[in-house]
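Remarks on the overall topology
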Amino acid sequence: MSPFDRPSPEEHAALLAQIGPLPLRGRAWPRWIGVIAWLIMAFIAVRLFMVLRLAPETALPLPVIASLVVCFGALLWMSWHMWTSVTEISDWGIRQTWISRREVSWDDIQSTKFIPLFASKKLVCFVQKGRPLFFQAGSPELQAAFARISLVYRKKL
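What comes next is a walk through the structure. (Residues numbered from 1 in each chain as written. Predicted model: local features only at pLDDT ≥ 70, side-chain atom pairs only at ≥ 80, totals over all residues. Heavy atoms only, no water.)

1. Some details on the nonpolar core
Side chains of a nonpolar character, in soluble globular proteins, are inclined to be buried together. Ranked by size, the top nonpolar core spans 20 residues in total, and within it I19, I89, I94, W106 and I149 carry the most contacts. Elements that contribute at least two residues to this core include exactly α1 (9-19), β6 (121-127), β7 (133-137) and α4 (140-152). Tallying contributions element by element places α4 first for this core, with five residues. When neighbours within four sequence positions are excluded, I89 is seen to be in contact with I19, L22, P23, L24, I94, W106, L142, A145, F146 and I149. (Core = buried A, V, L, I, M, F, W, Y, C linked by side-chain atoms within 4.5 Å. Buried < 20%, exposed > 50% of the residue type's maximum accessible area, 1.4 Å probe, protein only. Helix = DSSP H or I, 4+ residues; strand = E, 2+ residues; numbered from the N terminus. Contact = heavy atoms within 4.5 Å.)

And the structure:
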């Protein structure tokens, strides 16, 4: 007997019925996390502007300024994706828009683990080949669905 016994078609159908009308879509990150990210970005922008306005004798070297601007741009890019990212559970599987699109079909999932962190509830999907995929749930409906999926797709030893 394999340690990765997949749920029966009946168990899978019951799971999809419990989750509710599909597709179930929601924010990948809680709104409050996005607000905090944008507030931090605003604080960094103000500080960066203040540094760039320094007198020439107290100014930072150009490579340091360039590094700060590049890092700020990367943080801005991450904040944008945290704000706009969406997770979707459908008949096909699970998808999430992120910096790169994450998706896994129900047929590829071997087992799952639900990780209820304070700031983000995550579902780790272990697949047949490749590395595990992490999906975030920012809405209560997605969080409940992730917990149900984890119960059905847990390792059966």
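2. A closer look at helix α2 (residues 31-52)
An ideal rise of 1.5 Å per residue puts 32 Å on 22 residues; α2 measures up with 31 Å between its terminal C-alpha atoms. Among the residues making up α2, those that are buried are I33, G34, A37, M41 and L48. In a view along the axis of α2, the buried residues occupy a sector of 90 degrees, so they form one face of it. Facing away from the buried side of α2, by more than 90 degrees, are the exposed residues L39 and F43. At its buried positions, α2 is contacted by α3 (62-84). (Expected span 1.5 Å × (residues − 1). Arc of directions from axis to C-beta.)

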